[in-house]
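Architecture and fold: a report
Chain by chain, the residues run as shown.
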Amino acid sequence: MSTIAAISTPNSAGGIAVIRISGENALDVAEKVFRPSGSRSVKDMAGYTCAYGIAHDNGERLDDCILTVFRTPHSYTGEDIAEISCHGGLYVTKRILRAVLKNGAENAGAGEFTKRAYLNGKIDLTQAEAVMDIISAKGERELKMAENLREGSAFKKAKKCSDKLMKILGDLSAWADYPEEDIPAVEPKNLCRELIEIKKDLLLLIENYDCGRIIREGVSCAIVGKPNVGKSTLFNCLSGCERSIVTDIAGTTRDVVEESVRIGDIVLRLADTAGIRKTDDVIEGIGVDIAEKLITSSELIIAVFDGNSPLTEDDWKLIEKINSKKTIAVINKSDLGICPEVSEIEKHIGQTVYLSAKENDGIEKLQSAVEAIFEINENSFSSVAVANERQKKCIDSALVSVESAISALENGELLDAVNVLIDEAEQYLLSLTGEKVTDAVVDEVFSRFCVGK
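**Some details on the packing of aromatic side chains**
Within this structure, the stated rule accounts for one aromatic pair. Plain terms: the ring middles of Tyr48 and Phe70 are 5.6 Å apart, the flat faces sit at 85 degrees to each other, and that makes the pair edge-to-face. With Tyr48 in the loop between β3 (34-36) and β4 (49-57) and Phe70 in strand β5 (residues 60-70), this pair connects stretches of sequence that are 22 residues apart. Between Arg20 and the ring centre of Phe113, over which it is positioned, the NZ or CZ distance is 5.3 Å.

Take a look at the structure:
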């Protein structure tokens, strides 16, 4: 493979920047653009050592730098790597990269360093995907989950199922191909029992997928209610800024205002909607229609009620509309006193929170309700093993094949047909870990990476 190079630090001014070079000729390229102080040579540097010197372009001094060398195979990519750490100015960093490219390196593609780590057997495909989860983690629990995946939790669990399937395939093949040998016959009942155990393992592998998806991607959430119950005040309170206009005039919010906010360890993609009511105002009516559509499409509904007033017909209509959705009822304006009738809401909506958005009082109760409704707890993060839709699709497909094999055995079908289904399941699991995967899939995985990683 060619020698590649890229700036591995963010494209902005900072204290330092790092230009990474990887490949068979990485040290040759580094020697042409970096001059160590003293008489030492870049090519003579041992792995995991650094040297102080200057970066230059054909003799023209560019910057004082530190060169760090990693020798194959004990490097991130499994190849020789040279990393030039310079001052973090945008111009000087690009000048040094330009000199590196001029002297034999090629521009690295998106995620190409990690891709080479995968191709050189340093990590499996699930671990490679976890690298981007580490980079994009926005909270402690997200980072813990990503680190768990980076350590190979998905690979280990999938490998366990894969090894069981491979043993079954070996037993079936030996029994079918060498009938003259004294090989025990494969008993359908025993085989069915083994496949049922594998099915259980696969189900365990994906049982916390939704938890992981929520942690990584967040939850689409609509704040709904009739006019003047405090939806926009709550939205602004959660957003930490005045994103929605707040007045005492009913119908102030007509369009949807959106913001992503973090509630504990969950990101809510909030939408503040128009107050739901009958209206003759054409523009407000469009806003009401949009709010009702968001009730259908959102994963979570925060239904806001005026705790200081009796429930109205519009309140009861809203309760009926959100009956089948994941919903948290927010009884707002608790600072003004709570009308006894409002407690009826608790009989219809399990997660009910009393708070004052105006006074920013009780927001922590809303956080607890969000975590409870999605069953997010400390154990959720350590047990997540599937990082994305690609991995889930592989496991789902393997599960379908295993279930079909079990059904075939129970229906008395020939073992040849069962063998085909088990082999299908095995191929899907090998695709999950990257042990057997197409170039197109690999390219698609790494296309989501940033350049320099």
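Right, picking up where we left off after that structure.
**Quick word on the sheet that holds strand β1 (residues 4-7)**
Ordered in space as β3-β4-β5-β6-β2-β1-β7, the seven strands form an open sheet in which the pairing is mixed. Among the strands making up the open sheet, the edge pair consists of β3 and β7 (106-107). Across five bridges, β5 lies against strand β6 (residues 81-88) in antiparallel orientation. Bridged to Thr68 within β6 is Glu83.

**What about the pairing of strand β2 (residues 14-22)?**
In the sheet, β1 pairs with β2 via four bridges, with the strands oriented antiparallel. The partner of Ile4 across the bridge, within β2, is Ser22. Connecting β1 to the antiparallel partner β2 that follows it, the hairpin turn spans six residues. Judged from the eight bridges that link them, β2 and β6 form a sheet pairing that is antiparallel. Bridge pairing links Gly14 to Gly88 in β6.

**Some points on helix α15 (residues 415-433)**
With 19 residues, α15 extends 27 Å from end C-alpha to end C-alpha; this agrees with the ideal 27 Å at 1.5 Å per step. Among all positions in α15, only Leu415, Val418, Leu421, Ile422, Ala425, Glu426, Leu429, Leu430, Leu432 and Thr433 are buried. Following α15 by one or two positions, Gly434 adopts a phi angle in the positive range, close to 90 degrees.

**Describing the pattern of salt bridges**
All chains considered together, the criterion is met by 21 salt bridges. Between Lys164 and Asp201 there is a salt bridge, with its nearest N and O atoms 2.8 Å apart. Placement of Lys164 in helix α6 (residues 153-177) and of Asp201 in helix α7 (residues 188-206) is noted, with a sequence separation of 37 residues between them. In this structure Asp201 comes out as buried when scored by relative accessible area, which is 17%. Overlapping salt bridges, with partners in common, bring together Asp57, Glu60, Arg95 and Lys102 in one network.

**Regarding the nonpolar core**
If you look at soluble globular proteins, the nonpolar side chains tend to sit buried side by side. Judged by nonpolar contacts, the single largest core of 32 residues is most densely connected at Leu165, Leu191, Leu195, Ile198, Leu202, Val402 and Ile422. Counting residues per element, the ones that place at least two in this core are α6, α7, α14 (389-410) and α15. Of the residues forming this core, the biggest block, nine residues, is contributed by α14. Not counting residues within four places of it along the chain, the set of residues in contact with Leu202 comprises Cys161, Ile395, Ala398, Leu399, Val402 and Leu429. Residues Ala5, Ala51, Cys65 and Leu67 belong to the second largest nonpolar core, which totals 28 residues.

**Side note on unusual backbone geometry**
Residue Thr72 is joined to Pro73 through a cis peptide bond whose omega torsion reads 0 degrees. Turning to its location among the elements, Pro73 is positioned in the loop between β5 and β6. Non-glycine residue Tyr48 carries a positive phi angle of around 65 degrees. Owing to a relative accessible area of 59%, Tyr48 belongs among the exposed residues under this scheme. Despite not being glycine, Asn228 shows a phi value in the positive range, around 65 degrees. Considering the arrangement of structural elements, one finds Asn228 in the loop between β8 (219-224) and α9 (231-239).

Scoring rules and cut-offs
All residue numbers refer to positions counted from 1 along the written sequence of the respective chain. Residue-level local features of this predicted model are given only where pLDDT is at least 70; pairs of side-chain atoms are given and counted only at 80 or more, and the full residue set underlies all totals for whole chains, interfaces and linings. Side-chain measures were taken over the full set of non-hydrogen atoms in the model, leaving aside hydrogen atoms and water. Stacked, tilted and edge-to-face pairs are distinguished by plane angle, under 30 degrees for stacked and over 60 for edge-to-face with tilted covering the rest, among Phe, Tyr and Trp rings (Trp via its six-membered ring) whose centres lie within 6.5 Å. Each helix corresponds to a stretch of at least 4 residues labelled H or I by DSSP, and each strand to a stretch of at least 2 residues labelled E; elements are numbered beginning at the N terminus. Two limits define a charge over a ring: the Lys NZ or Arg CZ must be within 6 Å of the ring centre, and within 35 degrees of the ring normal. Two strands are said to pair when DSSP picks up at least two bridges between them. An expected span of 1.5 Å times one less than the residue number is assigned to each helix. Relative accessibility under 20% of the residue-type maximum defines a buried residue, over 50% an exposed one, and the middle range a partly exposed one, all with a 1.4 Å probe and only protein chains included. Salt bridges are defined by distance alone: a side-chain nitrogen of Lys or Arg within 4 Å of a carboxyl oxygen of Asp or Glu. Among the buried residues, those of types Ala, Val, Leu, Ile, Met, Phe, Trp, Tyr and Cys that are joined through side-chain atoms within 4.5 Å form a nonpolar core. The contact criterion used is simple: two residues touch if any of their non-hydrogen atoms lie within 4.5 Å.

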